[in-house]
Amino acid sequence: MKFNPFESKPIKMEKCFEDWQKLSPGPYDKNNVDPYTRVRCILMNGTEFEMNWFMHQFARHTDNNDLRRDLAMLRRSEQQQQKKISALKPIDESILETTIGYEQLAVDLTAVMARREPDAYVRNTLDFALLEDFDHLYRYSDLLEMEHGVRGEMLVGGYTEIMPGRPTISEHRHPHDDVRRSINKSADPLTKLQTAIITAAEQQTMNYYMNVGQFYTSEIGRKLYAEIAMIEEQHVTQYESLMDPTKTWLECLLEHEYTECYLYYSMMTDETDERIRKIWEKHLEYEIAHLHMAAGMLKKYEKKEWQQVIPDGTFPEILRFNSQAAKNREYIRNVLKGTVQNTAMLEDFVPVSTLPEDYEFFRYNGTVNKTAANVASHKVIDNYINEFGEDYRFETDDHPIKALRNRKTDNTDVGRVR
């Protein structure tokens, strides 16, 4: 069914505020929740964080206090929505269990978007980071099973495989090689939406790991969070550089609100938990009010109509998780087959074997991974193998890469050594 939020009659902004009782809905049951419901909660929490921090940065870059007041009004409502979504996480869900949800989101969201992305360069960029987040899921899952006896396959519900991707040790690139080419105003509407969504999702993951890593209860776990948080920073650098840099702040505000409408509409349509589906439905109602306010601000302060920024407000294909699991697994295996040995060379992706011997990737990677045996992402797997004889995986078939099939040793060469 086609839906255009600009054609919906908005409620008044004052109706978007809720009392404390409504902002504290009961959490989901971590033992019975559908994994994709958990994934949606993480995605929308990250989307709200992105919106809030964008508007704070906007407020710091204008001296118009009327505009600042408008932003404060929008931001307060967005803050309330973020608080409500955060309350859905149960107290007894550990930092590491939540982390598995973050990585499942990163893997399945990226795979869904890459499979339908019309821009070949953006699709290649999604594929590149997909294999890295896929590897993070594997390493965190081995830590979870080794230290807590919880099997990651139970948390991902069998939807997502757990096995090596591009080894995390191979992902540490020189900062110059994480910058990508930007899209522009003529980009496909779906491409614009997807670059905004993935940037927010990866930024949320980076923030989470940076904030909770030091609270983890083992030294190897703390080091793993520190290492993967650095890779997530690289991913944020990559994805934010895809976004159109020529838009004004108010044009960006309108697109942010439109993206939120699109996501809440998608979550509402795809959600299997009726109680949480109603939250997505209510938040969509609020976001439509936000969108119309942002359109009014664009007209007031820049004398532009919303159609000058978003010519057709009708949503493209919505974002679905539940019906995509099998297709995602097949897609990831094919991306592994074709690109696991890739690294970045400035804006492009190339096999590591084609890099010059003196290329800066090798110097930087060798600096941060001076002694491979001490690198946390490798050491977690090495420790697991030493204790249990082979690593922990959840595979539906043999690994598609022969060099990564051996479960008794952790490969640190794939994607790293010429």
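Shown above is the structure to which this text applies.
Notes on the structure in this doc start here.

Turning to unusual backbone geometry, a few remarks are in order. Excluding glycine, a negative phi dihedral is what most residues carry, and trans is how most peptide bonds are arranged. Positive phi, close to 55 degrees, is recorded for lysine 303, a residue that is not glycine. Position of lysine 303 among the secondary structure elements: in the loop between α9 (274-302) and α10 (325-339). Positive phi is not limited to glycine here, since leucine 346 has a value of about 55 degrees. If you trace the backbone, leucine 346 turns up in the loop between β1 (342-345) and β2 (348-351). Look at leucine 346 and you get partly exposed, because its relative accessible area is 43%.

Counting residues in each nonpolar core, the largest one holds 115 residues, and the members touching the most others are Leu43, Leu109, Leu253, Leu254, Trp280, Leu319 and Phe321. Excluding its chain neighbours within four sequence positions, the residues that come into contact with leucine 254 are Phe6, Leu291, Ala294, Ala295, Leu298, Trp306, Val309 and Ile310. Residues Val350, Val352, Leu355 and Tyr359 belong to the second largest nonpolar core, which totals 5 residues.

Okay, the side chain of glutamine 234 next. With respect to the element layout, glutamine 234 can be found in helix α7 (residues 219-240). Leaving out residues up to four positions away in the same chain, glutamine 234 has contacts with Glu171, His172, Arg173 and Asp178.

This part covers the packing of helix α1 (residues 35-59) against helix α2 (residues 65-86). Packing of α1 against α2 leaves a shortest axis separation of 9 Å and a crossing angle of 160 degrees. The pairing of α1 with α2 is recorded here as roughly antiparallel in orientation. The interaxial crossing formed by α1 with α2 has left-handed handedness. Residues Cys41, Met44, Asn45, Glu48, Phe49, Met51, Asn52, Met55, His56, Phe58 and Ala59 of α1 lie in contact with α2, whose contacting residues are Leu67, Arg68, Leu71, Leu74, Arg75, Glu78, Gln79, Gln81, Gln82, Ile85 and Ser86. Looking at side-chain class alone, the contact of α1 with α2 contains 11 nonpolar, 7 polar and 4 charged residues.

Glancing now at the pairing of β2. If a strand is regular, its side chains alternate between the two faces of the sheet. The sheet contact formed by β1 and β2 spans 4 bridges and is antiparallel. Directly across from asparagine 342, in β2, lies its bridge partner proline 351. Hairpin connection between β1 and β2: a loop of 2 residues separates the two successive antiparallel strands, and leucine 346 in this loop has a positive phi of roughly 55 degrees.

What the largest pocket holds in volume is close to 710 Å³. Looking at the largest pocket, it is lined by 32 residues, and the ones nearest its centre are Glu50, Ala196, Met243, Lys247 and His256. Mapped by element, the contributors of at least two residues to the lining of the largest pocket are α1, α6 (189-212) and α8 (249-270). A class-by-class count of the residues in the lining of the largest pocket yields 17 nonpolar, 6 polar and 9 charged. What the second largest pocket holds in volume is close to 310 Å³. Mapped onto the lining of the second largest pocket, the elements with two or more residues apiece are α1, α2, α3 (95-116) and α6.

About the thresholds
Residues numbered from 1 in each chain as written. Predicted model: local features only at pLDDT ≥ 70, side-chain atom pairs only at ≥ 80, totals over all residues. Heavy atoms only, no water. Helix = DSSP H or I, 4+ residues; strand = E, 2+ residues; numbered from the N terminus. Buried < 20%, exposed > 50% of the residue type's maximum accessible area, 1.4 Å probe, protein only. Core = buried A, V, L, I, M, F, W, Y, C linked by side-chain atoms within 4.5 Å. Contact = heavy atoms within 4.5 Å. Axes fitted to C-alpha atoms, helices over the stretch in contact; angles between N-to-C directions. Parallel < 35°, antiparallel > 145°, perpendicular 65-115°, else oblique. Left-handed = near helix turned anticlockwise from the far one by under 90°. Nonpolar A, V, L, I, M, F, W, Y, C, P; charged D, E, K, R; others polar. Pairing = 2+ DSSP bridges. 1 Å grid on protein atoms, 1.4 Å probe; cavity = no way out; pocket = protein on both sides within 12 Å on 5 of 7 lines; lining within 4 Å. Points joined across faces, edges and corners; volume = space filled by probe spheres on them.

Treat this as a map of the structure, not an account of what it does.
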